[in-house]
Amino acid sequence: MAKREEAVNMTAQFAEFKELKDIDKTTLISVLEESFRSVLSKMFGNDDNFDVIVNPDKGDCEIYQNLEVVNDGEVENPNKQISLSDAQADDDPDCEVGEDHTRKIDFAKFGRRAILNLRQTLASKILDLQKDAIFTKFKALEGQLVAGEVYQVWKREVLLLDDDKNELLLPKEEQIPTDIYRKGDVVRAVIERVDNANNNPKVIVSRTSQNFLRRLFEQEVPEIHDGLIVIRAVARIPGERAKIAVESYDDRIDPVGACVGVKGARIHGIVRELRNENIDVINFTSNPQLLIQRALSPAKISSIRLDNENKHAEVFLRPEEVSLAIGKGGLNIKLASILTGYSIDVYRDVETEGEEDIYLDEFKDEIDEWVIEALKNVGLATAKSVLRTPREELIDRADLEEDTVDYLLNVLRAEFED
């Protein structure tokens, strides 16, 4: 009786385990049946004449052995046959020779060793199922935000537990340099990757990846979540500074304003999450000259020379703008290069050094604004950068009419001649 209770409790235990670990019922039934059949094969030579009925909802399992009824004294294989008298005595008084007799197998007959072996087999198989479920679940979530409670802090990594007590590993190199972790803290990160060496899944999360910044913006800015604003490019130096280029599909929506929020309400939450990492939000454009200009903000450039084939840009600025373009520790120009995909070299505009130059925006009273924008879009932001560019090149690059270019040049020359 004790062995029967042990076996029944064992199946109940695994039914409960299934509820905790969210293993699918069909899979659980298959594993339980496979495990029982494995034990039956060892005990009886094979399991061909056994029916195994698993009911994980009730936490029980029934096993029936199908035996051929033969005349008394003619039983050759007791695992396949049963004598007529034994079958009639086994609650089947109407059976006849040649028919099948079904006998219910008592768990107690397995013996303690067989039951322990079954328990170990089930535990191993369900553990493998659990690992497969974890790998499949988190593999599908790569790149998504996740929150976990700090459970253990080590020198090279932090162990987090999510709401389902799944383990998440945050390595040192995936932590923001100024992060400080204490047991019990709730930490947000993005699922960077899921390793599965030797069927032992490890979920690696990151707070330094570009995707972390993307997901924070998606969470804080409804227009991004709804697809009205798209993040086109992201560049980060974790804990220091970041640049993000955004674009709106709706002309009525200002993408930069929506991301920043009223009085910076939206972006401030992201900055706090990133430990005061400064974030520049710019309008995306497919025009590389204009994108580079915006990416180098707050510096104002004089002109740009592009080598599109080699993705290289030479940027010319007034001497006082050079340090702004480079930024503290070279961060601004480094992030601009990452954001635009162009390697950027900055030069002092020696031809205007010591001389006065004027930004084209100052000529809006005399030159149409669309003409000024066309020039700025090809990297010409100042009067002298336009005057240094050949007339034919202005017509071709800025896509302007000859009369428009001639008028433009006359206005700019007159300014300096005066």
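Structure's up top.
First, a word on scope: everything that follows refers to the structure included in this document. All values reported here derive from a predicted model rather than from experimental measurement.

### A few points about the overall build of the protein
And step 1. Helix and strand content of the protein: 15 helices and 15 strands.
And step 2. In terms of overall size, the protein is more extended than a compact globule, its C-alpha atoms giving a radius of gyration of 37 Å where 418 residues would be expected to give roughly 22 Å.
And step 3. For the C-alpha atoms alone, the extent of the protein along its principal axes is close to 130 × 45 × 35 Å.
And step 4. Considering the protein as a whole, with its 418 residues, one finds that 45% of them fall into the buried category.
And step 5. Put simply, of all contacts in the protein between residues at least 6 apart along the chain, 59% involve residues at least 24 apart.
And step 6. Each charge class in the protein can be summarised by its mean position, and for the 55 positive and 84 negative side chains these summaries are 7 Å apart.

### A few points about the packing of aromatic side chains
And step 1. Enumeration over the complete set of coordinates arrives at one aromatic pair.
And step 2. On the numbers, 5.5 Å between centres and 25° between planes, the contact of Phe316 with Tyr347 is stacked. You can see Phe316 sitting in strand β14 (residues 312-317) and its partner Tyr347 sitting in strand β15 (residues 343-348), a full 31 residues away along the chain.
And step 3. Take Phe316: its relative accessible area is 14%, and that puts it in the buried class.
And step 4. Its relative accessible area of 34% is what places Tyr347 among the partly exposed residues.
And step 5. Geometry around Tyr151 places Lys183 over its ring, the cationic atom sitting 4.1 Å from the centre.
And step 6. Directly above the aromatic system of Tyr359 lies the positively charged group of Lys300, at a separation of 5.5 Å from the ring centroid.

### Some details on the pairing of strand β7 (residues 167-171)
And step 1. Along β7, four of the five residues are buried, which leaves the element largely enclosed by surrounding structure.
And step 2. Pairing geometry for strand β6 (residues 157-161) and β7, over five bridges, is antiparallel. Its bridge partner being in β7, Val158 is matched across the sheet by Leu170.
And step 3. Counting the residues that bridge the hairpin from β6 to β7 gives five residues, and of these Lys165 lies at a positive phi of roughly 65°.

### Structural notes on the packing of helix α9 (residues 288-295) against helix α11 (residues 331-340)
And step 1. Running from N to C, α9 and α11 point in directions that differ by 145°, and their axes come no closer than 9 Å. Remark: the crossing between α9 and α11 carries right-handed chirality. Facing Leu291, Ile292 and Ala295 of α9, the residues of α11 in contact are Asn332, Ala336, Leu339 and Thr340.
And step 2. Looking at the contact of α9 with α11, its residues break down into five nonpolar, two polar and no charged.

### Points about the side chain of Ser337
And step 1. Among the structural elements, Ser337 can be located in helix α11.
And step 2. A distance of 3.4 Å separates a polar atom in the side chain of Ser337 from the backbone oxygen of Tyr342.
And step 3. Beyond its immediate sequence surroundings of up to four residues, Ser337 is in contact with Tyr342, Ser343 and Ile344.

### Here we look at the sheet that holds strand β8 (residues 186-195)
Note: strands within a sheet are paired through backbone hydrogen bonds, in either parallel or antiparallel orientation.
And step 1. Judged by pairing direction, the barrel is mixed, and its five strands sit side by side in the order β5-β6-β7-β9-β8 before closing back on the first. Going from strand to strand, the sheet's axes swing by 55° on average, the running direction of each strand aside.
And step 2. Sheet strands in contact with helix α5 (residues 210-220) are β5 (145-153), β8 and β9 (202-206), and its direction is about 130° off that of β8.

### Side note on a negative patch on the surface
And step 1. On the surface, Glu68, Asp94, Glu96, Glu99 and Asp100 cluster together into a negatively charged patch.
And step 2. You can see Glu99 is positioned in the loop between α3 (84-89) and β4 (100-104).
And step 3. Here Glu99 falls in the partly exposed class, since its relative accessible area comes to 36%.

### Notes on unusual backbone geometry
For residues besides glycine, phi is generally negative; the peptide bonds are generally trans as well.
And step 1. Of note, the bond from Ser297 into Pro298 is cis; its omega dihedral lies within 30 degrees of zero at 15°.
And step 2. Its location among the elements puts Pro298 in the loop between α9 and β13 (301-307).
And step 3. Here the phi dihedral of Arg275 falls at roughly 60°; this positive angle occurs in a residue that is not glycine.
And step 4. Of note, Arg275 is situated in the loop between α8 (265-273) and β12 (278-283).

Reading the values: the criteria
- Residues numbered from 1 in each chain as written.
- Predicted model: local features only at pLDDT ≥ 70, side-chain atom pairs only at ≥ 80, totals over all residues.
- Heavy atoms only, no water.
- Helix = DSSP H or I, 4+ residues; strand = E, 2+ residues; numbered from the N terminus.
- Rg over C-alpha atoms; globule rule 2.2 N^0.38 Å.
- Buried < 20%, exposed > 50% of the residue type's maximum accessible area, 1.4 Å probe, protein only.
- Contact = heavy atoms within 4.5 Å.
- Lys, Arg positive; Asp, Glu negative; His and termini not counted.
- Charge placed at Lys NZ, Arg CZ, Asp CG, Glu CD.
- Phe/Tyr/Trp six-rings, centres within 6.5 Å; stacked < 30°, edge-to-face > 60°.
- Lys NZ or Arg CZ within 6 Å of the ring centre and 35° of its normal.
- Pairing = 2+ DSSP bridges.
- Axes fitted to C-alpha atoms, helices over the stretch in contact; angles between N-to-C directions.
- Left-handed = near helix turned anticlockwise from the far one by under 90°.
- Nonpolar A, V, L, I, M, F, W, Y, C, P; charged D, E, K, R; others polar.
- Polar contact = N/O pair within 3.5 Å; in protein donor to acceptor, adjacent residues only side chain to side chain.
- Patch = residues over 30% accessible without salt bridge, like charges linked within 9 Å, V, L, I, M, F, W, Y side chains within 5 Å.
- Areas by Shrake-Rupley, 256 points an atom, 1.4 Å probe, with all protein chains shown as cover.
- Salt bridge = Lys/Arg side-chain N within 4 Å of Asp/Glu carboxyl O.

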